[in-house]
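# Structural characterization, general
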Amino acid sequence: MSDESLFREVDEEVRQEQFKKLWERYGNALVVLAFVVVAGVGGWKGWQYWQVKQSERAAETYFAADRLAASGKPDEALAQFATVDHAGFGQLSRLRQANLLAKQGKGDEAVKLYDAIAADSSAEVSLRDVARIRAGYVLADTLKPDELLPRLGDFDKDGNPWRHAAREIFAIAAWRAADYTMAERYVNAIMSDPDAPGSVRQRAQTLSQLLAPLLAKK
């Protein structure tokens, strides 16, 4: 046997002996660790599957409720939306519930639900902003602009994506309160903004035409 073969054989025996000692010392722990890893992977996959199924059920319920609303069955739709218990679709369902309540003339109930969504820190910021804006449209018929300011004042800034809606709400509220000068100011702010959506701009132009003879009397 050559020296090289001898060294290789001795080295192999040393490695086997080291492995044997390590296994005697840590073998049980390694088996447990392997089991935990396998169980963890299986649990994660199971949780993902459960999440997908929950989302699918929530989506089915949401769209079923939406079809009820579209077919002229708001009360049935409200009841259906209320059963959606899901982080994403649940928030959308609450928005739809509030919208249906507003269309039924139940403004107080609608605003209460909108406010709950807006105050929910777990909801997406965009959904919370939508809730605030929609509550503002409902309240524009009863509140004065200064009463709406705490709710929507931070939207009335150049560059804010909700500024057009907020200014429209303030214009409507001022119109209802017969403060035509203030209404005109907000209408002009909308029409002078090149980024104002066409629908908002068109409504602002209509309101401007209504305001013109009233302002001429002053």
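See the structure shown above.
So, here is what we can say about the structure in this document. Everything quoted here is computed from the prediction, not taken from an experiment.

Here we come to the pattern of salt bridges. Summed over the entire model, instances satisfying the criterion amount to 11 salt bridges. Between Arg94 and Asp120 there is a salt bridge whose closest N-O contact spans 2.9 Å. One end of the pair, Arg94, is in helix H3 (residues 87–103); the other, Asp120, is in the loop between helix H4 (107–118) and helix H5 (125–139), and 26 residues separate them in sequence. Residue Arg94 is classed as partly exposed on the basis of its relative accessible area of 22%. The residue Arg151 makes a salt bridge to Asp115 at a minimum N-O spacing of 2.9 Å. A residue pair is termed long-range when its members are at least 10 positions apart, and Arg151 in helix H6 (residues 145–152) and Asp115 in helix H4 qualify at 36 residues. According to the relative accessible area criterion, Arg151 is partly exposed, its value standing at 27%. The exposure class of Asp115 is partly exposed, given its relative accessible area of 30%. Members of the salt-bridge network, linked through shared partners, are Asp156, Asp158, Arg163, Arg167, Asp193 and Asp195.

Moving on to the environment of Pro161. Along the chain, Pro161 turns up in the loop between H6 and helix H7 (163–176). Linking Pro161 and Ala196, residues 35 residues apart in sequence, is a C-alpha distance of 9.5 Å.

So, on to H5. For H5, which comprises 15 residues, the first-to-last C-alpha distance of 21 Å matches the rise-based estimate of 21 Å (1.5 Å per residue) to within 8%. Turning to H5, its buried residues are Leu127, Asp129, Val130, Ala131, Ile133, Ala135, Gly136 and Leu139.

Here we take up unusual backbone geometry. You will see that Ala178, though not glycine, has its phi angle at about 65°, which is positive. Within the secondary structure layout, Ala178 lies in the loop between H7 and helix H8 (180–191). A relative accessible area of 41% means that Ala178 is categorised as partly exposed.

What counts as what
- Residues numbered from 1 in each chain as written.
- Predicted model: local features only at pLDDT ≥ 70, side-chain atom pairs only at ≥ 80, totals over all residues.
- Heavy atoms only, no water.
- Salt bridge = Lys/Arg side-chain N within 4 Å of Asp/Glu carboxyl O.
- Helix = DSSP H or I, 4+ residues; strand = E, 2+ residues; numbered from the N terminus.
- Buried < 20%, exposed > 50% of the residue type's maximum accessible area, 1.4 Å probe, protein only.
- Expected span 1.5 Å × (residues − 1).

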